[in-house]
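Structural overview for review
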Amino acid sequence: MTLKWCYWYGDALIVKIHIQSRAPRDEVTGVYADYLRLKIAASLVGGKANRRLIGFLASELRVGRSQIKLLSGERSRDKRVAIYGPRTYPHWMPLSK
C-alpha cells in the first residue's frame, strides 16, 4: 500500500503531519491533504506542540524520543518527522517495512 503521508527513506520512516493544537487530547483524526492529521493537547507556542507530538509518536510506535527527529515544520502546523526503528505500527498506520 502506498501512502502519500508516510514512506520509508532508508532506515527512517518519514511521516508528514498536520497538527491541530490545543485539543482536549492527543489523537489521530485521519488524513488531510496528503498529511496525517493529529490533534495535540498543547499550544504551538514555544515548541510545546512539537515536544508533545514527539512524545505521542514515541508512545504509539514504541520507540525512544531520541529515535524521532523533526525534519521540517518546527514553527508550522505542517511537519515532517523521521522515526528510526519503529517497534509497532498502530491501527492508523497500515504500513510495514
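This text goes with the structure placed above it.
Residues numbered from 1 in each chain as written. Predicted model: local features only at pLDDT ≥ 70, side-chain atom pairs only at ≥ 80, totals over all residues. Heavy atoms only, no water.

**Examining the nonpolar core**
The biggest cluster of nonpolar side chains holds 24 residues, and the ones touching the most others in it are V15, L57 and I83. If you list the elements that add at least two residues to this core, you get β2 (12–20), β4 (35–39), α1 (48–61) and β6 (78–84). At 7 residues, the largest contribution of residues to this core is made by α1. Contacts of V15, omitting those with residues within four sequence positions, involve W5, C6, L36, K79, R80, V81, I83 and M93. (Core = buried A, V, L, I, M, F, W, Y, C linked by side-chain atoms within 4.5 Å. Buried < 20%, exposed > 50% of the residue type's maximum accessible area, 1.4 Å probe, protein only. Helix = DSSP H or I, 4+ residues; strand = E, 2+ residues; numbered from the N terminus. Contact = heavy atoms within 4.5 Å.)

**Quick notes on the pairing of strand β3 (residues 27–32)**
In the sheet, β3 pairs with β4 via 5 bridges, with the strands oriented antiparallel. What sits directly across from Y32, in β4, is Y35. Counted between consecutive antiparallel strands, the loop separating β3 from β4 contains 2 residues, among which A33 sits at a positive phi close to 50°. (Pairing = 2+ DSSP bridges.)

**As for the packing of aromatic side chains**
What the rule picks out here adds up to 0 aromatic pairs. Sitting over the ring of Y35, K16 keeps its end group 5.1 Å from the ring centre. Between the NZ or CZ atom of R37 and the centre of the ring of Y32, over which it lies, the distance is 5.3 Å. (Phe/Tyr/Trp six-rings, centres within 6.5 Å; stacked < 30°, edge-to-face > 60°. Lys NZ or Arg CZ within 6 Å of the ring centre and 35° of its normal.)

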